[in-house]
Structures are given as C-alpha cells and as structure tokens.
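Examining the three-dimensional arrangement
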Amino acid sequence: MRTRRMTLAGALLAGVAALSGCARLEHPTANEPKTATPAPVGAGEFEKAPSPSASPTPPSKAGGTCTLLDYASVQAATGTEFQVAAASSNSGAKACALQVLYSDYPSLVLSVIGTEADAKAFGKAAPDDADDVADLGSAAYSRILAAGDGAGPAVEIAWLGKHQQIVTLRYTYPQNVGAHTARENVGKLADYARKLEAKR
C-alpha cells in the first residue's frame, strides 16, 4: 500500500510539474516584440508555437496531448479565444499549453501521466482544499488555486481516467480577476473535462 501511495504521489507531482512549467509559450511572428517571453521550463521542451494568422493553426498540429484540444470547444468552455498551442513531454508526463498572443495569461494546460493508482488511492491523495467532481473518470476533484506570480486565480480539474492515467486540466485567469469568478466557472471546466475524457 505504501508503494502504491508513493507511486501516486510521484505521478501527481510530475503532473503538477508539467502544469507549473507551462507558464509561457514562445510566440513567433514576423514582427515579434523584443520582450517576447521565452519557452517554458520544467515541463520538457515545448515545440515552437506556430505563427499567428487570420486562421490560427489548430492545436492538433502541435501533436501529443494537444490532439485532444480545439480552439472552438476551449473557447466555449472558458470564454477565451486562444491562438497558439505547444506540446511537451517530460518524465512520463505529456502536456499541452494554450495561450493568447503576447500574454502569459489567460492560459489553459492539459497534462496526462500514467499511474498504478486506483480510485481509492487517488481520492486519498487529493489536496485538502479539493472538492469531488461527479461523473468524471473513476475519481475526480476540482480546486481553486490562488492568484500569484503575475497570474490570476486558476481552476484545476484532475481525474483518474481511462488507460490508467491521471489527467489534469487547468485554466489560469489573468490578473485582476477575482477568485469568485473562478469558482463560478468550475462547472463549465468540469463539463469540458468530461468531454475530453470521452474523446480519449
């Protein structure tokens, strides 16, 4: 049992590392600002995001976990029209990050990592401030992360999904957005998470 808990803890930490490392994407354009932010670190090497155009390149073109996402459905769930996507892989965790041009936030990150945990172990490892989410995978939770480091609050949905994988979806708001706004949108993100799990 202890080995299983340690394995799950490692999987959760790897997933968190993937999420926390996805703070920035490189946004290349013909007139790229001198202050363009660098690619993220800590979640593996992200592929260079496609150049923006009147018709942004679909996230699926970035490969990896990004194949599960499309801008239209993400906009319906978050209200944000994202324009760039990049995928990464590190320590068994695969992640996809979406952002708008020339701004770190808002952002959406989807990460997937394998695990040997069952639903009971997953539930016990959930953060103390997490709330259960029904009808999503074998077990699932949501939580609100406080604003900080130039970002607003974030909504995080994590679940034990198919193929023995822990999936985490995190939407981070820009600064000056209150935690109450994040709480009001947990339901929409959970609904979107259910749609993503059905696609996997």
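Residues numbered from 1 in each chain as written. Predicted model: local features only at pLDDT ≥ 70, side-chain atom pairs only at ≥ 80, totals over all residues. Heavy atoms only, no water.

**Notes on the overall build of the protein chain**
Quick note on the threshold: The secondary structure listing takes helices from DSSP runs of H or I that are at least 4 residues long and strands from runs of E that are at least 2 residues long, numbered from the N terminus. Note on exposure labels: buried denotes an accessible area under 20% of the residue type's maximum, exposed denotes more than 50%, and partly exposed covers the range between, all computed with a 1.4 Å probe on protein chains only. Any pair of residues with heavy atoms lying within 4.5 Å of one another is described as a contacting pair. All accessible areas in this document rest on Shrake-Rupley with a 1.4 Å probe, and a residue is counted as covered only by the protein chains that are shown.
A tally of regular secondary structure across the protein chain gives 5 helices and 7 strands. Secondary structure elements of the protein chain occur, N-terminal to C-terminal, as α-α-β-β-β-α-β-β-β-β-α-α. Within the span of the protein chain, comprising 200 residues, buried residues form 48% of the whole. Pairs at least 24 apart in sequence give 54% of the contacts found in the protein chain among residues at least 6 apart. Summed over its atoms, the accessible surface of the protein chain is roughly 9,800 Å², and 49% of this surface lies on carbon and sulfur atoms.

**Some details on unusual backbone geometry**
Residue P106 is reached from Y105 by a cis peptide bond, and omega for that bond is 5 degrees. Relative to the elements of secondary structure, P106 occurs in the loop between β2 (93-99) and β3 (107-114). Positive phi outside glycine occurs at S91, with the angle close to 50 degrees. Here S91 falls in the exposed class, since its relative accessible area comes to 62%.

**Observations concerning the state of the cysteines**
Applied cut-off: Any cysteine sulfur atom paired with another within 2.5 Å is treated as part of a disulfide.
Scanning the model with the defined rule gives 1 disulfide in all. With its sulfur 2.0 Å from that of its partner, C66 forms a disulfide with C96. Between C66 and C96, the S-S dihedral sits near 100 degrees, and the bridge is therefore right-handed. Of this pair, C66 sits in the loop between α1 (2-20) and α2 (71-78) while C96 sits in strand β2, and the two are 30 residues apart along the sequence. Residue C66 is classed as buried on the basis of its relative accessible area, which comes to 0%.

**Digging into the packing of aromatic side chains**
Think of a pair of aromatic rings as described by two things: how far the centres are apart, and how the planes are tilted against each other in angle. The following threshold applies: Paired rings are identified among Phe, Tyr and Trp, the last through its six-membered ring, by centres lying within 6.5 Å, and are further divided according to the angle between planes into stacked (under 30 degrees), edge-to-face (over 60) and tilted (the rest).
Counting across every chain of the model gives 3 aromatic pairs. Their ring planes at 80 degrees and their centres at 6.4 Å tell us that F82 and Y171 sit as a pair that is edge-to-face. Of this pair, F82 sits in the loop between α2 and β1 (84-90) while Y171 sits in strand β7 (residues 165-172), placing them 89 residues apart in sequence. Accessibility expressed as a relative area gives 2% for F82, which makes it buried. Taken together, the ring pairs connect F82, Y171 and Y173 into an aromatic cluster.

**Quick word on the confidence of the model for the protein chain**
Put simply, the test is: pLDDT runs from 0 to 100 and stands for how confident the predictor is about each residue.
Per-residue confidence for the protein chain gives a mean pLDDT of 81; residues scoring 70 or more make up 72%. Residue range residues 20-53 is modelled with pLDDT below 50. Its contacts to residues more than four positions away, or to other chains, number 79 contacts.

**Examining the sheet that holds β1**
Definition in use: Pairing between strands requires that DSSP locate at least two bridges from one strand to the other. Only the stretch in contact is used when a helix axis is fitted, and all axes are lines through C-alpha atoms; the angle between N-to-C directions ranges over 0 to 180 degrees.
Read from one edge of the open sheet, 7 strands run β1-β2-β3-β7-β6-β5-β4, paired in antiparallel fashion. Among the strands making up the open sheet, the edge pair consists of β1 and β4 (131-132). Two strands pair when backbone bridges link them, and β1 and β2 are joined in this way by 7 bridges, in the antiparallel orientation. Residue pairing in the sheet places A87 in a bridge with C96 of β2. The sheet contacts of helix α5 (residues 186-199) involve β3, β5 (139-145), β6 (154-161) and β7, and relative to β6 the element is tilted by about 30 degrees.

**Points about α2**
Note the cut-off: To be clear, the arc concerns the directions from the helix axis to the C-beta atoms. Polar contact is the term for a pair of N or O atoms within 3.5 Å; when the atoms are in protein, one must be able to donate a hydrogen and the other to accept it, and sequence-neighboring residues count only if both atoms are side-chain atoms.
All of the buried residues along α2 are Y71, V74, A77 and T78. When α2 is viewed along its axis, its buried side chains cluster within an angular range of 130 degrees and face the same direction. Residues of α2 that are exposed and point more than 90 degrees away from the buried face comprise A72 and A76. Tucked inside the fold, the buried residues of α2 contact β1, β2, β3, β7 and α5. Where α2 starts, the residue carrying a side-chain oxygen 3.2 Å from the main-chain nitrogen of A72 turns out to be D70. Just downstream of α2 lies G79, where phi reads positive at about 85 degrees.

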